[in-house]
Amino acid sequence: MKKNKIKIGVCGLGTVGSGVINLLSNNKEEIEKRSGFEISVTCVSAAKKDKKRDCDIKNYKFYSDPLKMVQDEDLDILVELIGGETVAKELVTAALNKKIHVVTANKALIALHGNKISETSEKNTCDVYYEASVAGAVPIIRVVRESLNGNDIKWIAGIINGTTNYILTEMLKSKKDFDIVLKEAQDLGYAEADPTFDVGGIDAAHKLTILSSICFGIPLDFDSIYVEGIENIELDDLNYAKELGYAIKHLAIGRKNNDGIELRVHSCLIPEKRLIANVDGVKNAVVVSSDAAGPTLYYGAGAGSLATASSVVSDIIDVSRKINSNSNNTIPLLSYQNKELVNKNILNINDIVSRYYLRIRVTNKPGVLADITKIFGSKSISIESILQKEDVDSDKNVPIVLVTHEVLEKNIVEALSSIEKLDVVKDKIVKIRIEELES
Ligand code: HSE
């Protein structure tokens, strides 16, 4: 039976939760004109009722225990915006078992427990929508599950953590220190509760876990992702990369090749002429390259209260429409039918082939370059270009910046380990992969 009113309960009233309450209220008429029915928040849940927050909750029934809210209320949709895994997992499972549909922005929940949640949703013929879990306002989940579902997806590459992109952009633009820019990102509500998840690459890896499953038909497996953060990137690297015609971006990459699938999160040099190299600040962008559509690019705000709420509200409307048309479970949670999700060979990082940017701090004296290039030669590593910078430090050491041709990662790791043992080499060598991102 068609419902004129869809009843939703919102759990979690932080940055995203407040945004959802505000957006549903600000655009109530617009939303109803489009959907043809009322979407009504009947109850909310958060740890504390009287905390100062950016939304008005006085008209909603309040629960401090979200599980009790699910048990007691007659809801059509539970909106889970608590984050983290433990309570959220229990809550979502309880909702599905009570035949309540779920909308969530929780990437860790989907990345780490999505296989089980998918089974539970299938068993209960309920939908779980999670557009806001990856790339904030950018509708990338919908694109892969619905718009590109006639394609064989070859690779996907994205800037999917707004905080790291904001930090890298601001460091280069305003020459501010890492810590100051991170604090700005936290104040703007972009960073995770634990910001090491952002700068250490974990947040992007959660998101890549989700994207790789829906793009390549593999079960969610967070542990199969190779992860590096942005901690090793210095302002000098951003400047030298620019001189070489590249931007440094923290990318999540999933790519099928003849031997398996590469799944990796790390900083990369990208040619400045690529559109994605010009995505700055908290903005996210994802390129999807598929056989029929070719490369397509999706761009927008990757974090922030209303931007993320935009995706949550769109999911609420979609699920409401399905409730009213009795067409639940028509789009598999992970894009592929559950029984068609199969494990494939995920390549070890040592087995990938890449070009590399290297920065080596050395004593400035004759023969240093010869020693270094001899080691590269012994590992069949061919150098494409070399720059010796005149940025002498207080100890009179200078940086050498090298770009290699394509080489197996294992060979570069072995070569760098030998080079770091030379007396003339002063620090750990900075190594950044170069991605051309050509179709
Ligand atoms: N901390 C995340 C980011 C928020 O910076 O992108 C959105 O998932």
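Everything numeric here is computed off the predicted structure, so don't read it as measured data.

What follows covers the overall build of the chain. The helix and strand tally for the chain stands at 14 helices and 17 strands. For 439 residues, the compact-globule estimate of 2.2 N^0.38 gives 22 Å, and the C-alpha radius of gyration of the chain, at 24 Å, lies within 12% of that figure. Along the longest, intermediate and shortest principal axes, the C-alpha atoms of the chain span 80 × 45 × 35 Å. If you take every contact in the chain between residues at least 6 apart in sequence, the share linking residues at least 24 apart comes to 73%.

The next point concerns the domain arrangement of the chain. By the assigned domains, the chain splits into domain 1 (5–136 + 305–340), domain 2 (140–300) and domain 3 (350–434). A C-alpha centroid distance of 25 Å is found between domain 2 and domain 3. With 18 residues of domain 2 in contact, the opposing surface of domain 3 contributes 16 residues. Counting the surface lost from both domain 2 and domain 3, the interface buries some 1400 Å², and carbon and sulfur atoms represent 56% of this. When the area that domain 2 buries against domain 3 is broken down by residue, the three leading residues are Tyr240, Leu244 and Leu269, summing to 39%. Here domain 2 is connected to domain 3 by 3 salt bridges.

We now examine the site of the ligand. Lining the immediate surroundings of the ligand are Lys107, Asn161, Gly162, Thr163, Tyr190, Ala191, Glu192, Asp198, Asp203, Lys207, Gly302 and Ala303. For the ligand, an oxygen atom lies 3.5 Å from a polar atom in the side chain of Asn161. For the shell around the ligand, the elements supplying multiple residues, two or more each, are helix H7 (162–174) and helix H10 (202–216). Looking at the shell around the ligand, its residues break down into 3 nonpolar, 4 polar and 5 charged.

Further remarks concern the pairing of strand E4 (residues 77–80). Residue alternation in E4 divides its side chains into two sets, Ile77 and Val79 and Leu78 and Glu80, and both sets are buried. Where strand E1 (residues 5–11) and E4 come together, 4 bridges link them in parallel fashion. Bridge pairing in E4 places Ile8 opposite Ile77. With 4 bridges connecting them, E4 and strand E5 (residues 101–104) associate as parallel partners. Counted as the bridge partner of Val79 is Val103 from E5. In this fold, E4 hands off to helix H4 (residues 86–97), which returns the chain to E5; that crossover is right-handed.

Let's shift gears to the pairing of E5. Alternating residues of E5 divide into His101 and Val103 and Val102 and Thr104, and every residue in both groups is buried. Pairing of E5 with strand E6 (residues 128–129), which is carried by 2 bridges, proceeds in the parallel orientation. Paired with Val103 across the bridge in E6 is Tyr129. Handedness of the E5-helix H5 (residues 107–123)-E6 crossover: right-handed.

We now examine H10. With 15 residues, H10 extends 20 Å between its outermost C-alpha atoms, agreeing within 8% with the 21 Å of an ideal straight helix rising 1.5 Å per residue. Gly217 sits one or two residues past H10 and shows a positive phi near 70°.

Turning our attention to a nonpolar patch on the surface. There is a patch of nonpolar side chains on the surface, built from Leu275, Leu297 and Tyr299 and spanning about 330 Å² of accessible area. Take Leu297: it is sitting in strand E12 (residues 294–301).

Locating Thr363 in the fold gives a position in strand E13 (residues 353–363). Linking Thr363 and Val425, residues 62 residues apart in sequence, is a C-alpha distance of 6.7 Å. The contact partners of Thr363, leaving out residues within four places of it in the chain, are Val368, Asn397, Val424 and Lys426.

Another point: the pattern of salt bridges. One pass over the structure, following the stated rule, counts 40 salt bridges. Glu262 is the partner of Arg255 in a salt bridge, and the nearest nitrogen-oxygen pair spans 3.6 Å. Note on Arg255: relative accessible area 19%, which makes it buried. On the basis of relative accessible area, Glu262 is assigned to the buried category, the value being 5%. Note that Lys431 is salt-bridged to Glu409, the shortest N-O span being 3.0 Å. With Lys431 in strand E17 (residues 430–434) and Glu409 in helix H14 (residues 409–420), this pair connects stretches of sequence that are 22 residues apart. Side by side, Lys431 and Glu409 carry an identical accessibility label, which is buried. Salt bridges here are not isolated pairs; linked through shared partners, they connect Glu131, Arg142, Asp315, Asp318 and Arg321.

Let us look at the packing of aromatic side chains. The description of two aromatic rings rests on the distance between their centres and on the angle between their planes. Applying the stated criterion across every chain, the model contains 1 aromatic pair. For the cation-ring pair, Arg145 lies above Tyr129, with the distance from its terminal atom to the ring centre recorded as 4.9 Å. A cation sits over an aromatic face here: Arg255 above Trp155, 5.9 Å from the ring centre.

Calculation criteria
- Residues numbered from 1 in each chain as written.
- Predicted model: local features only at pLDDT ≥ 70, side-chain atom pairs only at ≥ 80, totals over all residues.
- Heavy atoms only, no water.
- Helix = DSSP H or I, 4+ residues; strand = E, 2+ residues; numbered from the N terminus.
- Rg over C-alpha atoms; globule rule 2.2 N^0.38 Å.
- Contact = heavy atoms within 4.5 Å.
- Domains from an automatic or database assignment.
- Buried area = accessible area lost by both parts, 1.4 Å probe.
- Salt bridge = Lys/Arg side-chain N within 4 Å of Asp/Glu carboxyl O.
- Near = heavy atom within 4 Å.
- Polar contact = N/O pair within 3.5 Å; in protein donor to acceptor, adjacent residues only side chain to side chain.
- Nonpolar A, V, L, I, M, F, W, Y, C, P; charged D, E, K, R; others polar.
- Buried < 20%, exposed > 50% of the residue type's maximum accessible area, 1.4 Å probe, protein only.
- Pairing = 2+ DSSP bridges.
- Right-handed = clockwise from strand over helix to strand, strands pointing away.
- Expected span 1.5 Å × (residues − 1).
- Patch = residues over 30% accessible without salt bridge, like charges linked within 9 Å, V, L, I, M, F, W, Y side chains within 5 Å.
- Areas by Shrake-Rupley, 256 points an atom, 1.4 Å probe, with all protein chains shown as cover.
- Phe/Tyr/Trp six-rings, centres within 6.5 Å; stacked < 30°, edge-to-face > 60°.
- Lys NZ or Arg CZ within 6 Å of the ring centre and 35° of its normal.

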